[in-house]
Amino acid sequence: MEWNLEDIENACNKAFKGCLNYLNNDLKNFKSKELSVAFNLGLNKETINASASVDENGKYHVVLENAAVKIVFDFYNRILVNEDFYKIVSGEDKYDREKASKYVDLLTEMTIKNILFHELGHIFNGHVDYIKDIFNKYKQNGEPRYDVTNYTLYEINSHARPYLQPKEWQAIEWNADDFSATKMVGLFTYDSNIDEVLIKNKFHGLLLIVLTLSVMYSLMGMGRKNDSIIDFKNMEHLPKRARVKKYIGVLLAACTKMNEEIKETDILPIEEYVKYSFAIENWANQYVKQYWKRENYSTDNNLEELDEEHENYYLEVELFYYTLLEKLEKYTYFEVYDEETKKVAEEIAIRSFLFKRYGTTEFEYIKFKKK
Ligand SMILES: [Zn+2]
């Protein structure tokens, strides 16, 4: 079975409509307002790639490369023939061919929605408008090194463009990931979307989100050995292993927040989900070896992305994250800087201050809090 361009277009249009309606329903309740966003299927790239932008007339656009859908669909289509993978996905002991094919469609849809929510996050949380303003000021103050015509936020692993600090780009991407994680939980742990056939219950829905997330990043090269040392502090996105871990953290928090009946103690510690994510990545890496004939993908690669030096740097980005939310207040359609967030921001600022001063956060932080 293979999808042709028409199948891809139909699936994407349907998924995009689903995501946009979901967000507009929220926005209608919050501000009695709806956003119009145009969707287009990209035909230019051969990788998992998407972008969000605002044009000169203030119209919003999202582009998803058709190759992204092809890659993701092909993965699920081939891997769900495997009975062991089917067991991981379904939690069932017996292989069911018909159901396996339904899972191919569901997981492809979830992965696409994950990407689309991220891009829509760039729009609904005001990133594209904020960047447009910054870029226009930057243009007035001198010759831009890059000719950026549509303020696109690319998903490739590229160096940060010069009109924002890399940390701010990374914070923006982080915010779009947070946005996507929250919306995915809203959709796939929501009662009416739990059919009890493919998605057994809320916990299973949560697990499937982690699965699709892990597959997506793995196919984007999370475990690909880098030929040279990556200058991670100057990239536009944080390293993928860090993004996945942060994303899982937000998923778990959102799951208890949005589902009153689920308590924090009902959910496994984050480490268990991270372990699960590595197991899924392993499947994706096997697929890459077999079908892409690439040998340099492994769960043993790029583990430094989760080491202490990196974690300390992420703390600095986290500090930026909260100042960014403050700046986004005037651009965003949803409330991003509410009272609760402000409190977290203060705590993070204290931790960062302590880290700079004492070189540690935890111990001193506890002492600080006790006083
Ligand atoms: Zn992005």
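Residues numbered from 1 in each chain as written. Predicted model: local features only at pLDDT ≥ 70, side-chain atom pairs only at ≥ 80, totals over all residues.

Caption draft 1: Representation of helix 5 (residues 127-140) within the structure. In this model, helix 5 (14 residues) spans 20 Å end to end at C-alpha, consistent with the 20 Å of a helix rising 1.5 Å per residue. Looking only at helix 5, the buried set comprises His-127, Val-128, Asp-129, Tyr-130 and Ile-131. Residues of helix 5 that are buried in the fold lie against strand 2 (50-54), helix 4 (97-124), helix 6 (166-188) and helix 10 (308-328). (Helix = DSSP H or I, 4+ residues; strand = E, 2+ residues; numbered from the N terminus. Expected span 1.5 Å × (residues − 1). Buried ≥ 20, exposed ≤ 12 C-beta atoms within 10 Å, placed from the backbone. Contact = placed C-beta atoms within 7 Å.)

Caption draft 2: How the structure looks around the confidence of the model for the protein. Per-residue confidence for the protein gives a mean pLDDT of 87, with 89% of residues at or over 70. Contacts for the low-pLDDT stretch residues 363-371, under 50 throughout, to residues beyond four places or in other chains number 7 contacts. (pLDDT = per-residue confidence, 0-100.)

Caption draft 3: Structural detail: the pairing of strand 3 (residues 60-65). Along strand 3, 5 of the 6 residues are buried, which leaves the element largely enclosed by surrounding structure. Sheet analysis places strand 1 (residues 37-42) next to strand 3, joined by 6 bridges and oriented parallel. Each residue of the ladder has a partner; that of Asn-40, found in strand 3, is Val-63. Where strand 2 and strand 3 come together, 5 bridges link them in antiparallel fashion. Considered in strand 3, the bridge of Val-54 is made with Tyr-60. The antiparallel pairing of strand 2 with strand 3 creates a hairpin that spans 5 residues between the two strands, and Gly-58 there sits at a positive phi of about 80°. (Pairing = 2+ DSSP bridges.)

Caption draft 4: Molecular detail of the nonpolar core. Membership of the largest hydrophobic core comes to 86 residues, with the highest contact counts inside it found for Leu-116, Leu-120, Ile-209, Val-210 and Leu-251. There are two domains that each give this core at least three residues, and those are domain 1 (5-306) and domain 2 (319-371). (Core = buried A, V, L, I, M, F, W, Y, C linked by C-beta atoms within 7 Å. Domains from an automatic or database assignment.)

Caption draft 5: Representation of the packing of helix 1 (residues 5-31) against helix 2 (residues 66-79) in the model. Running from amino to carboxyl end, helix 1 crosses helix 2 at an angle of 100°, the nearest separation of the two axes being 10 Å. Taken together, the axis directions place helix 1 and helix 2 in an arrangement best described as roughly perpendicular. Together, Leu-5, Ile-8, Ala-11 and Cys-12 of helix 1 and Asn-66, Val-69 and Lys-70 of helix 2 make up the contact between the two elements. Of the residues assigned to the contact of helix 1 with helix 2, the class counts are 5 nonpolar, 1 polar and 1 charged. (Axes fitted to C-alpha atoms, helices over the stretch in contact; angles between N-to-C directions. Parallel < 35°, antiparallel > 145°, perpendicular 65-115°, else oblique. Nonpolar A, V, L, I, M, F, W, Y, C, P; charged D, E, K, R; others polar.)

Caption draft 6: Spatial organisation of the environment of Tyr-103. By the element assignment, Tyr-103 lies in helix 4. Of the residues examined, Tyr-103 has 18 C-beta atoms within 10 Å and is grouped as partly exposed. For the pair formed by Tyr-103 and Val-89, sequence separation is 14 residues and the distance between their alpha carbons is 8.1 Å. Excluding anything up to four places from it in sequence, Tyr-103 contacts Leu-80, Val-89, Ser-90 and Leu-198.

Caption draft 7: Inspection of unusual backbone geometry at higher detail. Within the chain, Glu-196 stands out as a residue other than glycine whose phi angle is a positive 65°. With respect to the element layout, Glu-196 can be found in the loop between helix 6 and helix 7 (202-219). A positive phi angle, close to 55°, is found at Lys-293, a residue other than glycine. Mapping Lys-293 onto the fold places it in the loop between helix 9 (270-292) and helix 10. C-beta crowding within 10 Å serves as the criterion here: with 7 such atoms nearby, Lys-293 is assigned to the exposed category.

Caption draft 8: Fine view of the environment of Lys-257. Among the secondary structure elements, Lys-257 is positioned in helix 8 (residues 240-258). The exposure class of Lys-257 is partly exposed, given the 13 C-beta atoms found within 10 Å. Sequence separation of Lys-257 and Val-185 is 72 residues, and the distance between their C-alpha atoms is 10.0 Å.

Caption draft 9: Local environment of the sheet that holds strand 2. As summarised here, the arrangement of the 3 strands in space is 1-3-2, forming an open sheet in which the pairing is mixed. Either end of the sheet is taken by a strand with one partner, and the two such strands are strand 1 and strand 2. For this sheet the average axis-to-axis angle between neighbouring strands, irrespective of direction, equals 20°. Packed onto the sheet, helix 1 meets strand 1 and strand 3 and runs at close to 155° relative to strand 1.

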